[in-house]
Amino acid sequence: MRPLLALMLAGSAAHAAPRETPGEIAFVPIEAKKLGVCENDLFLMYANYGYLHMASQNFDGAAALLGKSVELKPSYFKGWEYLGLARAGAGDFPGAAAAYSKAWELDPANAAHYAYKRGPLYLSLNKPELALKDLDLALKTLPSRALIHRDRSMALLLLKRYGESERAFAEAVRLDPSLRGKPGGPCPRLSELGRGGEACPP
């Protein structure tokens, strides 16, 4: 059997191209037997095609296709992870967090990875306690990941734990000096809260 992705790309528009319908992207049915594709592998075709949509920044279309993939094979944890990424790109942060939670449930050995992905979503949902819990878990396995320290600084800032926030951001800048002064660090917010610029790391 030829590789699934090659089969997708080789299919004509009549076979495999998505078409827009009101409010969603529909996947044109594929004649699986003619293409030599086992019906049990269709979930991979939806996943791969969804990934192609994601690569072209069509996150809504990607989410629809990846949703179909995990519907066909609910135990496909990579599909849930990609669905989380697609939903986040589409601005569906609650849906993205739920998808990462499902991936985590199915693949607990990589808990730190999913915590790293889900934590910032909780920040976007204004749930700093949940964000901090995820980011603290991720940090145990990924202590040199600057973005985790940066996101922790924001969670701590929202919880009004200012000193810890400043120290977390200072560590993020130590690991990645390019983060200094970028949006996402606590310094602008500390100024807004009346803490003054002297609160920022030097």
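Read on for a plain summary of the structure. These numbers come from a predicted model, not from an experiment.

1. Description of the overall build of the protein
- A tally of regular secondary structure across the protein gives twelve helices and two strands.
- Traced from its N-terminal end to its C-terminal end, the protein shows the element sequence α-α-β-β-α-α-α-α-α-α-α-α-α-α.
- A buried classification covers 42% of the 202 residues belonging to the protein.
- For the protein, restricting intrachain contacts to residue pairs at least 6 apart in sequence, the fraction spanning at least 24 positions comes to 48%.
- About 10700 Å² of surface is accessible on the protein, with carbon and sulfur atoms providing 55% of the total.

2. Thoughts on the pattern of salt bridges
- Applying the stated rule across the entire model yields eight salt bridges.
- Among the salt bridges present, the one from Glu71 reaches Lys68, with a minimum N-O distance of 3.7 Å. Placement of the pair is Glu71 and Lys68 together in helix H5 (residues 59-72), with a separation of three residues, close to one helical turn.
- Judged by relative accessible area, Lys68 falls into the partly exposed class, the value being 30%.
- Across the salt bridge formed by Arg118 and Asp134, the nearest N and O atoms sit 2.7 Å from each other. With Arg118 in helix H8 (residues 111-124) and Asp134 in helix H9 (residues 128-141), this residue pair connects regions lying 16 residues apart in the sequence.
- When its relative accessible area of 13% is taken as the criterion, Arg118 is described as buried.
- For Asp134, a relative accessible area of 3% corresponds to the buried category.

3. Some remarks on the packing of aromatic side chains
- Tallied over the entire structure, the rule returns two aromatic pairs.
- On the numbers, 5.0 Å between centres and 75° between planes, the contact of Phe43 with Tyr76 is edge-to-face. Residue Phe43 is found in helix H4 (residues 42-55), and its partner Tyr76 is found in the loop between H5 and helix H6 (77-89); the two are separated by 33 residues along the sequence.
- Of the residues examined, Tyr76 reaches a relative accessible area of 17% and is grouped as buried.
- Sitting over the face of the ring of Phe43, Lys73 holds its NZ or CZ atom 5.3 Å from the ring centroid.
- The aromatic ring of Tyr116 is capped on one face by Arg145, whose charged end is 4.9 Å from the ring centroid.

4. Points about the nonpolar core
- Formed by 37 residues in total, the largest nonpolar core has its most connected members in Met54, Leu66, Trp80, Leu83, Ala86 and Ile148.
- What Ala86 contacts, discounting residues up to four positions off in sequence, is Met54, Phe59, Ala62, Ala63 and Leu66.

5. Looking at H5
- Relative to the 20 Å expected for 14 residues at 1.5 Å per residue, H5 spans 20 Å between its end C-alpha atoms, a close match to the ideal helical length.
- Phe59, Gly61, Ala62, Ala63, Leu65, Leu66, Ser69 and Val70 are the residues of H5 that are buried.

6. Structural notes on the packing of helix H10 (residues 146-158) against helix H11 (residues 162-175)
- Their axes nearest at 8 Å, the elements H10 and H11 cross at an angle of 165°. Compared by their axis directions, H10 and H11 come out roughly antiparallel. Like other packed secondary-structure pairs, H10 and H11 cross with a definite hand, here left-handed. Contacts between H10 and H11 involve Ala146, His149, Arg150, Arg152, Ser153, Leu156 and Leu157 on the former and, on the latter, Tyr162, Glu164, Ser165, Ala168, Phe169, Glu171, Ala172 and Leu175.
- Its residues placed into classes, the contact of H10 with H11 shows eight nonpolar, three polar and four charged.

Cut-offs applied
- Residues numbered from 1 in each chain as written.
- Predicted model: local features only at pLDDT ≥ 70, side-chain atom pairs only at ≥ 80, totals over all residues.
- Heavy atoms only, no water.
- Helix = DSSP H or I, 4+ residues; strand = E, 2+ residues; numbered from the N terminus.
- Buried < 20%, exposed > 50% of the residue type's maximum accessible area, 1.4 Å probe, protein only.
- Contact = heavy atoms within 4.5 Å.
- Areas by Shrake-Rupley, 256 points an atom, 1.4 Å probe, with all protein chains shown as cover.
- Salt bridge = Lys/Arg side-chain N within 4 Å of Asp/Glu carboxyl O.
- Phe/Tyr/Trp six-rings, centres within 6.5 Å; stacked < 30°, edge-to-face > 60°.
- Lys NZ or Arg CZ within 6 Å of the ring centre and 35° of its normal.
- Core = buried A, V, L, I, M, F, W, Y, C linked by side-chain atoms within 4.5 Å.
- Expected span 1.5 Å × (residues − 1).
- Axes fitted to C-alpha atoms, helices over the stretch in contact; angles between N-to-C directions.
- Parallel < 35°, antiparallel > 145°, perpendicular 65-115°, else oblique.
- Left-handed = near helix turned anticlockwise from the far one by under 90°.
- Nonpolar A, V, L, I, M, F, W, Y, C, P; charged D, E, K, R; others polar.

The values are spatial; any link to function lies outside them.
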